[in-house]
Amino acid sequence: MEFVKMHGLGNDYIYVYLPRGDEGTDWPTVARRVSHRHYGVGSDGLILVLPSDRADFRMRMFNADGSEAQMCGNGMRCLARFVYDRGLTQKQELAVETLAGIIRPRLVVEGGKVTAVEVDMGVPRLRRADIPMVGPPGDHVIGELLVVDGVKFPVTCLSLGNPHCVIFVEDVWQVEVEHTGPSIEHHPAFPERTNVEFVQVLNQQELAMRIWERGSGITMASGTGATASAVAAVLAGRCQREVKVHQPGGTLEIVWRDDGHAWHRGPAEEICTGVFTSGLTGGNVR
């Protein structure tokens, strides 16, 4: 299986281009094997770049545990650069089909080179039923107390095509993300599990965030997570609608526009190319 490894702020994924489609392969198993940090290539997940009859391309994204996710912000930026750099498109504004709907990345090209990618993440979904989260379906979840392992956490929850649970903390570096994150991810309040963001408000224009990603664990950064954190901070009256979100892997710029659409901007970088040969099953992967 030929692949390209890319990252957005250290959030790394294996990319496979499949111009004839993705049938006949056990992709969850492939994702687990290729993502393994010791026995595989090593990544936060696997992203398939596919043809689409609704958009320019279709994206399927599998977490490191093999579960399929609706969307990935850092992954989307890298996909946009992947197809542009390889001459699969000459467009600088793309439409990409995902399980979260059509997502629209826009390439920033200077001197013939992609220097950044902006992504329209769409309108955040705030109703409980759309996250999804148990409880009255029409309610918004802003500062609601969630009991986790006997501790009450005030949570603000929303969906950007995938679920997010945002928790504001005094010092993001003092949070035991590896312990609290999985307990919230698998909390019965979230029937489809959830991403978990721990956010420290630095000022009205800056946030610090660490994430426990659904299906992947601690990662260096998250595009959807940073965007969700900014939206949650605005809902809570803690920041302005244009902010920088600092993460262990770097910084993303987020704007929640007056038309309701949330955008983020950040880098997308290629790491390496190669061929993965270890124990692929369930079909012929090209």
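In the block above lies the structure referred to throughout.
Residues numbered from 1 in each chain as written. Predicted model: local features only at pLDDT ≥ 70, side-chain atom pairs only at ≥ 80, totals over all residues. Heavy atoms only, no water.

Participant: Go over the packing of aromatic side chains, please, and point to the residues and values.
Facilitator: As enumerated under the stated definition, the model contains 1 aromatic pair in all. Centre to centre, the rings of Y15 and F82 are 5.9 Å apart; their planes meet at 25°, and the pair counts as stacked. One end of the pair, Y15, is in strand β2 (residues 11-17); the other, F82, is in helix α2 (residues 73-85), and 67 residues separate them in sequence. What makes Y15 buried here is its relative accessible area of 1%. Relative accessible area serves as the criterion here: at 3%, F82 is assigned to the buried category. Its end group placed over the ring of F168, R238 keeps NZ or CZ at 4.4 Å from the ring centre. Note that R241 overlies the ring of W256, its terminal NZ or CZ placed 4.4 Å from the centroid. (Phe/Tyr/Trp six-rings, centres within 6.5 Å; stacked < 30°, edge-to-face > 60°. Helix = DSSP H or I, 4+ residues; strand = E, 2+ residues; numbered from the N terminus. Buried < 20%, exposed > 50% of the residue type's maximum accessible area, 1.4 Å probe, protein only. Lys NZ or Arg CZ within 6 Å of the ring centre and 35° of its normal.)

Participant: Report on the pairing of strand β3 (residues 45-50), specifying residues and quantitative values.
Facilitator: The buried count for β3 comes to 6 of 6 residues, which makes it a mostly enclosed element. Side chains of β3 alternate between two faces, with G45, I47 and V49 and L46, L48 and L50 buried alike. Inspection of the sheet shows β2 paired to β3 by 4 bridges, in the parallel sense. When the sheet's bridge partners are listed, I14 is paired in β3 with L46. One ladder, built from 6 bridges, connects β3 with strand β4 (residues 57-63); its direction is antiparallel. Within β4, the residue paired with L50 across the bridge is R58. Between β3 and β4, which pair antiparallel in sequence order, lie 6 residues. (Pairing = 2+ DSSP bridges.)

Participant: Before we move on, could you go through the side chain of S159 and cite the residues and values that matter?
Facilitator: By secondary structure assignment, the location of S159 is in strand β10 (residues 151-159). Here N162 takes part through its backbone oxygen, which lies 3.5 Å from a polar atom of the side chain of S159. Excluding its chain neighbours within four sequence positions, the residues that come into contact with S159 are P124, R125, D130 and I131. (Polar contact = N/O pair within 3.5 Å; in protein donor to acceptor, adjacent residues only side chain to side chain. Contact = heavy atoms within 4.5 Å.)

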